[in-house]
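# Residue-level structural notes
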Amino acid sequence: MSNTIRIAAALLIDPQGRTLLVRKRGTQAFMQPGGKIDAGESPAQALVRELHEELGLRVDPDAAVHLGRFSAPAANEPGFEVQAELFRVDCAEAVAPAAEIEEVIWLSAEEATALDLAPLTRDLILPLWRDGLNAPR
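Reference entry: report on the structure contained in this document. Think of each chain on its own: its residues are numbered from 1, step by step along the sequence as written. For a predicted model such as this one, the threshold for reporting local features is a pLDDT of at least 70, and the threshold for listing and counting side-chain atom pairs is 80 or more; totals across whole chains, interfaces and linings nevertheless cover every residue. Note that water and hydrogens are dropped before the side-chain values are worked out from all heavy atoms of the structure.

Turning our attention to the overall build of the protein chain. Segments assigned H or I by DSSP are reported as helices when at least four residues long, segments assigned E as strands when at least two residues long, and all are numbered from the N terminus. Broken down by element type, the protein chain carries 2 helices and 7 strands. When the helices and strands of the protein chain are listed from N to C terminus, the series reads β-β-β-β-α-β-β-β-α. Projected onto the principal axes, the alpha-carbon positions of the protein chain cover approximately 45 × 30 × 30 Å. In this scheme, a residue with accessible area under 20% of its type's maximum is buried, one over 50% is exposed, and one in between is partly exposed, where area comes from a 1.4 Å probe on protein chains only. In the protein chain, buried positions account for 46% of the 137 residues. The contact criterion used throughout is that any non-hydrogen atoms of two residues lie within 4.5 Å. Sequence-distant contacts, at least 24 apart, represent 66% of the contacts inside the protein chain between residues at least 6 apart. For every accessible area listed, the method is Shrake-Rupley and the probe measures 1.4 Å; residues are considered covered only by the protein chains on display. Approximately 7000 Å² of the protein chain is accessible, and the part contributed by carbon and sulfur atoms is 52%. Charge counting follows a simple rule: Lys and Arg are positive, Asp and Glu are negative, and His as well as the terminal groups are ignored. In plain terms, the charge of a residue is placed at NZ if it is Lys, CZ if Arg, CG if Asp and CD if Glu. Here the protein chain contributes 13 positive and 21 negative side-chain charges, whose respective centroids are spaced 1 Å apart.

We now examine the pattern of salt bridges. We define a salt bridge as a contact between a side-chain nitrogen of Lys or Arg and a carboxyl oxygen of Asp or Glu at a distance within 4 Å. Taken as a whole, this structure holds 11 salt bridges when the rule is applied. Salt-bridge contacts for Glu53 lead to Arg49; the nearest nitrogen and oxygen are separated by 3.4 Å. Residue Glu53 and its partner Arg49 are both found in helix H1 (residues 43-55); the two are separated by 4 residues, about one turn of the helix. Residue class for Glu53 comes out partly exposed when judged on its relative accessible area of 37%. Bridged by salt links that share partners, the residues Asp38, Glu41, Arg49, Glu50 and Glu53 form one connected network.

Turning our attention to the environment of Ser42. Residue position: Ser42 is located in the loop between strand S4 (34-36) and H1. The class for Ser42 is partly exposed, based on a relative accessible area of 28%. With 30 residues separating them in the primary sequence, Ser42 and Ala72 have C-alpha atoms 21 Å apart.

Leu12, Leu47, Leu51, Leu55, Leu57 and Val89 are the most contacted members of the largest nonpolar core, which has 22 residues in total. Secondary-structure elements contributing two or more residues to this core are strand S1 (4-13), strand S2 (19-24), H1 and strand S6 (81-90). A total of 5 residues in this core trace back to one element, the largest contributor, which is H1. Ignoring anything within four residues of it in the chain, the contact list for Leu12 reads Arg18, Thr19, Leu20, Pro33, Leu51, Leu55, Leu57, Val89, Cys91 and Trp106. With 20 residues, the next largest nonpolar core counts Ile5, Leu11, Val82 and Leu120 among its residues. Residues enter a nonpolar core if they are buried and are Ala, Val, Leu, Ile, Met, Phe, Trp, Tyr or Cys, with the set joined through side-chain atoms within 4.5 Å.

With respect to the helices and strands, Leu115 occurs in the loop between strand S7 (101-107) and helix H2 (119-133). Among the residues examined, Leu115 registers a relative accessible area of 26% and is labelled partly exposed. Separated by 25 residues in the primary sequence, Leu115 and Asp90 place their C-alpha atoms 23 Å from one another. Setting aside residues up to four positions removed in sequence, Leu115 forms contacts with Leu21, Phe30 and Ile105.

Okay, structure coming up:
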């Protein structure tokens, strides 16, 4: 059995340039919205399904920009590694926590955070977002 969990994750950016983090019920760590890729599903299809289930968002898979594959220790499954296909999704809609999501928070790039963050979010995704995605275009 593989100890790798394959997920699709969204770097969801609002018109103010903030990114959305979510916390699942019964857990402490905030992370990108998204979830496991089902058999026969493309990462973009999984992303669209998960964003709808978790946040009520309807996302056009063609509007999700693939940023790459990132791996880190899983936040909620000890001994597992999460391998994320990361997509940037620009979102001007309101989001509402649904399914297993207990809390959502919009984080601005300059905001230092005392939040408990999943390793993937803390070590890879937020630095990428802060360094690259907010650079002047």
